[in-house]
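Structural features, examined
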Amino acid sequence: MKIIIGSDHAGFKLKAKIKKYLKMKKIEYLDLGTDSLESVDYPDYALKVAKQVAGNKDSRGILVCGTGTGMTIAANKVKGIRAVAAYDVYSAKMSRIDNDTNVLGLRGRYFPYEKVKKIINVWLNTPFSGKQRHKRRLKKISGLEKKI
Ligand code: RB5
């Protein structure tokens, strides 16, 4: 599995740390920017990452902004994307088991890095349950993408 990663200026420093962490864990990644602390608009980077993830079933995305919120809202506009803004291990884990999330939104500001690593680990290593009721609910969500 390949990780597609992106951030805005507020997530830039945390993104750099995450890249080092992924490298250390020998997890392949592609960084789609931003490349500096200069102010940018998070939807631009959310879209870049989300498009790549939607187009490649063997990839998942990590998006970092100040809160993780804006990136997650924007990524969820892309067909096929199920993004979670996870502030704790439980929501990251359950978002994989129940919702088969393919994008993880992380908070770059005022958030402990130790917690970030735990969240990433659990999110990367927890499989979707594949349970019938969850498949049915996810199918309803893809149905919404067509209907609305
Ligand atoms: C940028 O200041 C900030 O609004 C952005 O990084 C993010 O937190 C939005 O949700």
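The numbers attached to residues start from 1 for each chain and follow its sequence in the written order. Local features in this predicted model are restricted to residues whose pLDDT is 70 or higher, and side-chain atom pairs enter the listing and the counts only when it is 80 or higher, whereas totals over whole chains, interfaces and linings include all residues. Water and hydrogen atoms were dropped before computing side-chain values, which therefore reflect all heavy atoms in the structure.

Here's the deal with the sheet that holds strand β1 (residues 2-7)
Paired strands are those between which DSSP finds at least two bridges. Secondary structure elements are defined from DSSP: runs of H or I of at least 4 residues count as helices, runs of E of at least 2 residues count as strands, and each element is numbered from the N terminus. What the 5 strands build is an open sheet, ordered β2-β1-β3-β5-β4; its pairing is parallel. Lying at the two open borders of the sheet, with one neighbouring strand each, are β2 (29-31) and β4 (83-85). Neighbour-to-neighbour, the strand axes of the sheet open up by a mean angle of 20°, direction not taken into account. Two elements, strand β3 (residues 59-65) and strand β5 (residues 103-107), share 5 bridges in a ladder whose sense is parallel. Bridging from a neighbouring strand, I62 pairs with L104 of β5. Against the sheet, helix α1 (residues 12-24) contacts β1, β2, β3 and β5, and its axis sits at roughly 165° relative to β1. Fitted lines through C-alpha atoms serve as axes, helices being fitted only where they are in contact, and the angles separating the N-to-C directions of these axes extend from 0 to 180 degrees. Any pair of residues with heavy atoms lying within 4.5 Å of one another is described as a contacting pair.

Considerations on the pattern of salt bridges
Throughout this description, the term salt bridge denotes a Lys or Arg side-chain nitrogen within 4 Å of a carboxyl oxygen of Asp or Glu. Taken as a whole and assessed by the stated rule, the structure comprises 6 salt bridges. Between K2 and E28 there is a salt bridge, with its nearest N and O atoms 3.7 Å apart. One end of the pair, K2, is in strand β1; the other, E28, is in the loop between α1 and β2, and 26 residues separate them in sequence. The rule is simple: take the accessible area with a 1.4 Å probe, protein chains only, and divide by the maximum for that residue type; under 20% is buried, over 50% is exposed, in between is partly exposed. On the basis of relative accessible area, K2 is assigned to the partly exposed category, the value being 26%.

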